[in-house]
Amino acid sequence: MENPKILSLNALSKRFGSVVANDAVSLDLHRGEVLALLGENGAGKTTLMNMLFGHYLPDSGSVEVLQDGVMTPLQLGHPQAALAAGIGMVHQHFTLALNLTTFDNVVLGSEPLFSWRRNRAAARAKLLAIMEQSGLVAPLDTPVGQLSVGERQRVEILKALYRDARILVLDEPTAVLTPQEADTLFENVATMTQNGLAVIFISHKLREVLAFSNRIAVLRHGQKVGEIATKDADERVIARMMVGADTPVTARETMSPGTPMLTLKDVSVQGQSKRDSLSRASFSVHSHEILGIAGVSGNGQSALAGLVSGLMRPDRGTVSVGGTEISRPNPLTMITAGVGRIPEDRHHDGIVGAMTVAENMVIERLNDADIQTRGLLNRDAIQANADRLTKDYDVRGPGSDAAARLLSGGNIQKLILARVFDQTPRLILANQPTRGLDMGAAAEVGRRLLEARKRGAGVLLISEDLDEILGLADRIMVIHDGQLSELTTRDREEIGLSMAGEHA
Ligand SMILES: Nc1ncnc2c1ncn2[C@@H]1O[C@H](COP(=O)(O)OP(=O)(O)OP(=O)(O)O)[C@@H](O)[C@H]1O
Ligand SMILES: [Mg+2]
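What you are looking at is a predicted structure, and each value in this text was computed from that prediction instead of being measured.

The rules we used
- Residues numbered from 1 in each chain as written.
- Chains lettered and ligands numbered in written order.
- Predicted model: local features only at pLDDT ≥ 70, side-chain atom pairs only at ≥ 80, totals over all residues.
- Domains from an automatic or database assignment.
- Contact = placed C-beta atoms within 7 Å.
- Nonpolar A, V, L, I, M, F, W, Y, C, P; charged D, E, K, R; others polar.
- Pairing = 2+ DSSP bridges.
- Helix = DSSP H or I, 4+ residues; strand = E, 2+ residues; numbered from the N terminus.
- Axes fitted to C-alpha atoms, helices over the stretch in contact; angles between N-to-C directions.
- Core = buried A, V, L, I, M, F, W, Y, C linked by C-beta atoms within 7 Å.
- Buried ≥ 20, exposed ≤ 12 C-beta atoms within 10 Å, placed from the backbone.
- Near = placed C-beta within 6 Å.
- Parallel < 35°, antiparallel > 145°, perpendicular 65-115°, else oblique.
- Left-handed = near helix turned anticlockwise from the far one by under 90°.
- Expected span 1.5 Å × (residues − 1).
- Arc of directions from axis to C-beta.

S.K.: Give me the domain arrangement of the protein chain: which residues, what numbers.
M.R.: Under the domain assignment used here, the protein chain contains domain 1 (5-243), domain 2 (251-338 + 425-504) and domain 3 (352-424). When each unit is reduced to the centre of its C-alpha atoms, the spacing between domain 1 and domain 3 is 32 Å. At the interface, seven residues of domain 1 touch seven residues of domain 3. By residue class, the composition of the side of domain 1 that touches domain 3 is two nonpolar, five polar and no charged.

In structure tokens:
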């Protein structure tokens, strides 16, 4: 017997100017169910959830939530009403106060300050009970800024559960998690749904969707194009529902490596914590070569990326680009030396959200003669550049004169990719380049990286996605605890062991 329905979205529509983000989308959710919401970048998934949560007011349509046994209309456009109805949301980008502790973050805002002071003990007891029941554990009295990404996410979920959520929305919850953290999350989700919670989760990772959801709903260009029970689905079926066609696969041609494009000689850096330190790294990335760096995040990847993008300086050793040692590395000297970078944290390091899409597309070359003459920006050139890149790289959204922060997560990544690939850099630092991208867009990134390699660029590919590394890299190194080691094997299992620090 099917569990009772607890939520229905009825023909919700939302436009942003000329963009139809949602077009009469209807969806039901049942108690204890895990519903996966899929669709290409910009299909309208986050928008739909934002309407459910009251962040956006729909242009039309309604939402009903089960309350005291009756389906009751939800007041739209009011997050407080959604919270009161038991709807909780964990966003694609976390919303925690980093200087406050877990406890304060969870409790803050749900209790008036005055009574909260008096009821700290009761609040603590409630939170501990929720941790126990859900299996979600995070250190209570540590400032959230000191927690790992996985722990921060648990805090976000705890925050929703503390507010008695019966419906939990997770927007790309595993995009920022290590494979182990993702497994833990899904174990926790299973426990929570057994206790009656209903979950909607958005993901681009078909493998986890197939493993952990009960039902799948697919959006395409703002419309719901289908729904399927997970037991009846496989990767191909879903891919076809999402894009209406099969995704092409690019084959990797054999190529002989050329001269070194990037060389690290005995480089060490001591970052703020062990997570961003690197010890005595030596390697080269050559022209016509993709070097893959496999590893669980937090093992020194950020130090490596920081060095290559000029954000960190080596404490010992040297970094050379194209055979020339960079004596004073900073972001500008690295860009000038020919390094193009696809940063891991695209919102923070990749774009300036308040500037337009067109401006962000030239942000790393504002001093170029075609962009700027005698201190004046050449608006026509910037616009022409934006028109070309938007088309070539399929950046979808509200248009090139809109603020970049209004793009969907995946389209922000496409903007960055367009900016990098268009400059034909001799070295490309690709740090988690397909994170948050839909299948088609991810395949496109692979194609572009291979194209750059063919043209003669060297690529340093840092990724947690082993399939991505195995599919693209000519050579593989594993990073663990700040140490790099070259692999001779391409065996998944063996690479996995090296990633965990168990050297053969
Ligand atoms: N506040 C806004 N103003 C203007 N356009 C917006 C706004 N929010 C979303 N959009 C546009 O609506 C469309 C749907 O965006 P949405 O964020 O819902 O996509 P998504 O399916 O979540 O994509 P992704 O997988 O990349 O996260 C996109 O074209 C996006 O640029
Ligand atoms: Mg989204």
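S.K.: Please set out the sheet that holds strand E20 (residues 458-463) residue by residue, giving values where relevant.
M.R.: One open sheet holds the six strands; their spatial order is E16-E19-E20-E13-E21-E22, and the pairing between them is mixed. Each edge of the open sheet is held by one strand with a lone partner, namely strand E16 (339-342) and strand E22 (483-486). The mean inter-strand angle of the sheet, taken between neighbouring strand axes irrespective of direction, is 20 degrees. Here helix H10 (residues 301-308) sits on the sheet and contacts strand E13 (289-294), E16, strand E19 (427-431), E20 and strand E21 (475-480); the angle it forms with E20, its principal contact strand, is near 155 degrees.

S.K.: Please give an account of the nonpolar core that cites residues and values.
M.R.: Generally speaking, a soluble globular protein has its nonpolar side chains buried in company with each other. If you look at the biggest cluster of nonpolar residues, it comprises 68 residues, and the most contacted ones within it are Leu415, Leu427, Val459, Leu460 and Leu461. Per-element accounting of this core gives the leading share, seven residues, to helix H15 (residues 409-422). Of the domains in this structure, domain 2 (251-338 + 425-504) and domain 3 (352-424) are the two that each give at least three residues to this core. One finds Leu74, Leu127, Ile216 and Ala233 within the second-largest nonpolar core, a separate group that totals 67 residues.

S.K.: Give a detailed account of the site of ligand 1, specifying residues and quantitative values.
M.R.: Neighbouring ligand 1 are 20 residues; Phe16, Thr46, Thr47, Gly397 and Gly410 lie closest to it. Those elements that provide at least two residues to the shell around ligand 1 are strand E2 (19-30), helix H1 (45-52) and H15. For the shell around ligand 1, the per-class residue count stands at seven nonpolar, 11 polar and two charged. Split by domain, the shell around ligand 1 shows at least three residues from each of two domains, domain 1 (5-243) and domain 3 (352-424).

S.K.: Residues and numbers for the sheet that holds strand E15 (residues 324-325), please.
M.R.: Strands sit in the order E12-E11-E14-E15 across an open sheet of four strands; the sheet is antiparallel. Strands at the two margins of the open sheet, each flanked by one partner only, are strand E12 (278-286) and E15. As defined by bridge partners, strand E14 (residues 316-321) adjoins E15 across two bridges and the pair is classed as antiparallel. Counterpart to Val321 in the pairing with E15 is Thr324. This element, H10, spans strand E11 (260-269), E12 and E14 of the sheet and lies at about 125 degrees to E11.

S.K.: So what's going on with unusual backbone geometry? Residues and values would help.
M.R.: Residue Asp68 is not a glycine yet carries a positive backbone phi of 50 degrees. Unusually for a residue other than glycine, Gln432 sits at a positive phi of about 50 degrees. You can see Gln432 is positioned in the loop between E19 and helix H16 (439-455).

S.K.: Explain the packing of H15 against H16 to me, and be specific about the residues and the numbers.
M.R.: Look at H15 against H16: their axes get within 12 Å of each other, and the N-to-C directions meet at 10 degrees. Considering their axes alone, H15 and H16 lie roughly parallel with respect to each other. Each of Gly410, Lys414, Leu417 and Phe421 in H15 lies in contact with H16, whose residues at this interface are Ala441, Val445, Arg448 and Ala452. Looking at side-chain class alone, the contact of H15 with H16 contains five nonpolar, one polar and two charged residues.

S.K.: Let's hear about the pairing of strand E6 (residues 87-90): which residues, and what values?
M.R.: Judged by which residues are buried, E6 turns out to be covered on both faces: Ile87 and Met89 on one side and Gly88 and Val90 on the other are all buried. Taken together, the four bridges between E6 and strand E7 (residues 167-171) define a ladder with parallel strand orientation. Bridged to Gly88 within E7 is Leu168.

S.K.: I'd like a rundown of the packing of helix H5 (residues 120-134) against helix H6 (residues 149-162), residues and numbers included.
M.R.: Contact geometry of H5 with H6 gives a least axis separation of 10 Å together with a crossing angle of 115 degrees. Taken together, the axes of H5 and H6 lie roughly perpendicular to each other. Viewed along their axes, H5 and H6 form a crossing whose handedness is right-handed. Residues Lys126, Leu127, Ile130, Met131 and Ser134 of H5 form the contact with H6, whose participating residues are Leu158, Leu161 and Tyr162. Across the contact of H5 with H6, the residue classes break down as six nonpolar, one polar and one charged.

S.K.: Describe helix H14 (residues 379-392), and please don't skip the residues or the numbers.
M.R.: The end-to-end C-alpha distance of H14 is 20 Å, a good match for the 20 Å that 14 residues give at a rise of 1.5 Å each. Within H14, the full set of buried residues consists of Ile382, Asn385, Ala386, Leu389 and Thr390. All buried residues of H14 fall inside an arc of 125 degrees around its axis, so they share one side. Facing away from the buried side of H14 by over 90 degrees, the exposed positions are Asp380, Lys391 and Asp392. Looking at the packing, one finds that the buried side of H14 touches helix H13 (357-360), strand E18 (376-377) and H15. Looking one or two residues beyond H14, the residue adopting positive phi is Asp394, at roughly 55 degrees.

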